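Spelled out, the chains give:
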Amino acid sequence: MAKDRTSDDTRAQRTGASRSGAGPTGGRGKGGRTRPPVNVVTPQRPWALIIASIAVVAFAAAVIIYALAQVEQANEGKVEKPEDIAGLQTYDYSAGQEHVETPVDYTESPPVGGPHAPPPQWADCTGTVYDIDIRHENAVHSLEHGAAWITYNPDEVSDADIAKLAELVDGQSGRMLSPYAGLDSPVSIQSWNHQLKVDSASDERIQQFADFFTYNTDFYPEPGASCENPDFIANPIPEETTAP
Amino acid sequence: MTGPSSTTRSPLRTALLAVIAIGLVLLGGGLAVALGIGRTESPTADSVDAGFSRDMALHHLQAVEMANLALDRSEDEAVRGLAFDIAETQKDQVGRMQGWLALWGLPPTGGDAMAWMGAGTGGHAGHTMSEGAVMPGMATEEELAVLRGLTGQPFDVEFLRLMMRHHQGGRQMAEYAVEHAEVSAIRTLARSIVESQAAETGLMAGMLAERGGTPLPAP
């Protein structure tokens, strides 16, 4: 008796096990017992979905990384805004500054804005290399017209340095170069409201500044104004010294 | 070996389907950006941006014309210097504005003059323009004919009077554009016109007084 029951039990168990591995089956228990059909879903991994989702993510990531790398490469070393130039100083002179014939006591040295000589007395900035300290009130008017003005301390730079700076300026409309007595660094480059002082004429930021700011209409008051002043090339006005 | 029996999708399937859906949305968005879908449209012919570009360019061209006249016949160094500055600057700015119109696919002329300005604001009810003047501050043909007939200091005085009034009219146009133009390059140019021409107007007032002249009524 007991033996029968046991074999019945084990058979039931075996049947149960095989049933779970083999999908739904109707109750086929011996003895006419029917069991309600049970849907047993096999919890296999949905491989197709897994592969598809990995593929989509990988493709999206690849496209994004490629695009970012392209942008990164294109922008390497590019100056897109003033802040990209290390050490740049920014000021806030408004447009419409006064035109005055008298000397101006500028806050910055070299000046970057403020009242200045009336038209047409801007310093010629058609790529002009001056060998005198040109009058600052005339230079500021050139800045108002979009010029980038490079200045150097004549006591602190060599002739080779001056030649290097001249290469950046010579014949390039919108630029000028002049010595500046008492300049507190070897080289200083300025445009309207922006200035960068550096220790070496070879500093690559000089060119970055010049390339970015020359005639850059976002940053100076009079887009379209001229840099021409042939009279000033012929007779440049020197900065007044305190000695009469 | 008997796993959970369930009649619904497993959480893993749901998660994977969600990942795929999100990934496709992102790719679709990227494609749209690459194709330029959704980028801002360029200004239409009757926009403030286009109207200002057309009308201010024409307005500038008259200033250039008067300045070139001064360069041709004035003997006064300060007047010639000012005229050179005005001619160069405004001619360049005309190029800028006509360039924008070309990029927007719009012609440089046409449209109702000044229609873009003050539409519905009633801000110009009290403003008078010289009869025959197309835009604020512009000289009429008669006034230009008078200018062309003058020489010496009378020419200089008349030139300064006409140019001052011209600047004052242009300023009104530019101020409107600063407030109402949508393209930022237009607002920037308009702002620089307002500010630099204000300074020039001050300069001209001084020069006029020095030469014994008085300004024309403001436009």
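Residues numbered from 1 in each chain as written. Chains lettered and ligands numbered in written order. Predicted model: local features only at pLDDT ≥ 70, side-chain atom pairs only at ≥ 80, totals over all residues.

### So, the interface of chain B and chain A
On the chain A side, the residues contacting the 36 residues of chain B number 30 residues. Broken down by secondary-structure element, the contributors of at least two residues to the side of chain B that touches chain A are α1 (11-34), α3 (77-103) and α6 (184-210) of chain B. Top element by residues in the side of chain B that touches chain A is α1(B). It accounts for eleven residues. (Contact = placed C-beta atoms within 7 Å. Helix = DSSP H or I, 4+ residues; strand = E, 2+ residues; numbered from the N terminus.)

### Section: the domain arrangement of chain B
By domain assignment, chain B separates into domain 1 (10-39) and domain 2 (48-121 + 128-210). Computed over C-alpha atoms, the centres of domain 1 of chain B and domain 2 of chain B are 53 Å apart. (Domains from an automatic or database assignment.)

### Let's talk about the domain arrangement of chain A
Size of an interface, as often reported, equals the accessible area lost when the parts are brought together. Partitioning chain A into structural domains gives domain 1 (46-76) and domain 2 (82-234). Relative to domain 2 of chain A, the C-alpha centre of domain 1 of chain A lies at a distance of 47 Å.

### A closer look at the nonpolar core
Counting residues in hydrophobic clusters, the biggest one holds 41 residues, and the most contacted among them are Phe52(B), Met66(B), Phe159(B), Met163(B), Met173(B), Ala177(B) and Ala190(B). Listed by contribution, the elements that provide at least two residues to this core are α2 (48-73), α3, α5 (152-180) and α6 of chain B. Broken down by element, the residue count for this core peaks at ten residues, all from α5(B). The residues touching Met173(B), leaving out its near neighbours within four places in the chain, are Phe52(B), Asp55(B), Met56(B), His59(B), Met117(B), Met135(B) and Pro136(B). If you look at the next biggest cluster of nonpolar residues, it comprises 34 residues, including Leu143(A), Ile150(A), Ile206(A) and Phe213(A). (Core = buried A, V, L, I, M, F, W, Y, C linked by C-beta atoms within 7 Å. Buried ≥ 20, exposed ≤ 12 C-beta atoms within 10 Å, placed from the backbone.)

### Observations regarding the sheet that holds strand β3 (residues 148-152) of chain A
Through backbone hydrogen bonds, the strands of a sheet pair up, either in parallel or in antiparallel fashion. All names here are of chain A. Sheet architecture is open: six strands sit in the order β1-β6-β5-β3-β4-β2, paired in mixed fashion. Each edge of the open sheet carries a strand with a single partner, namely β1 (89-90) and β2 (126-129). Judged from the four bridges that link them, β3 and strand β5 (residues 187-191) form a sheet pairing that is antiparallel. When the sheet's bridge partners are listed, Tyr152 is paired in β5 with Val187. Contacts from helix α4 (residues 159-169) reach β2, β3, β4 (175-179) and β5 within the one sheet, and its direction differs from that of β4 by about 155°. (Pairing = 2+ DSSP bridges. Axes fitted to C-alpha atoms, helices over the stretch in contact; angles between N-to-C directions.)

### A look at the pairing of β5(A)
All names here are of chain A. Taking burial as the measure, the five residues of β5 include five buried ones, the bulk of the element. Because side chains alternate across β5, one face comprises the buried residues Val187, Ile189 and Ser191, and the other comprises Ser188 and Gln190, equally buried. As judged from the five bridges shared by β5 and strand β6 (residues 194-198), these two strands associate in the antiparallel manner. Across the sheet, residue Ser188 finds its bridge partner in β6, namely Lys197. Counting the residues between successive antiparallel strands, the hairpin from β5 to β6 contains two residues, one of them, Asn193, with a positive phi of roughly 70°.

### Focus on unusual backbone geometry
Residues and elements named next belong to chain A. For the peptide bond that leads from Ser109 to Pro110, omega is 0°, which places it in the cis range. Cis peptide bonds are those with omega within 30 degrees of zero, and the linkage from Pro119 to Pro120 qualifies with 0°. Looking at the secondary structure, you find Pro120 in the loop between β1 and β2. A positive phi angle is found at Tyr215, which is not glycine, with a value near 55°. One can find Tyr215 in the loop between α5 (204-213) and α6 (230-234). The partly exposed category is assigned to Tyr215, around which 19 C-beta atoms lie within 10 Å.

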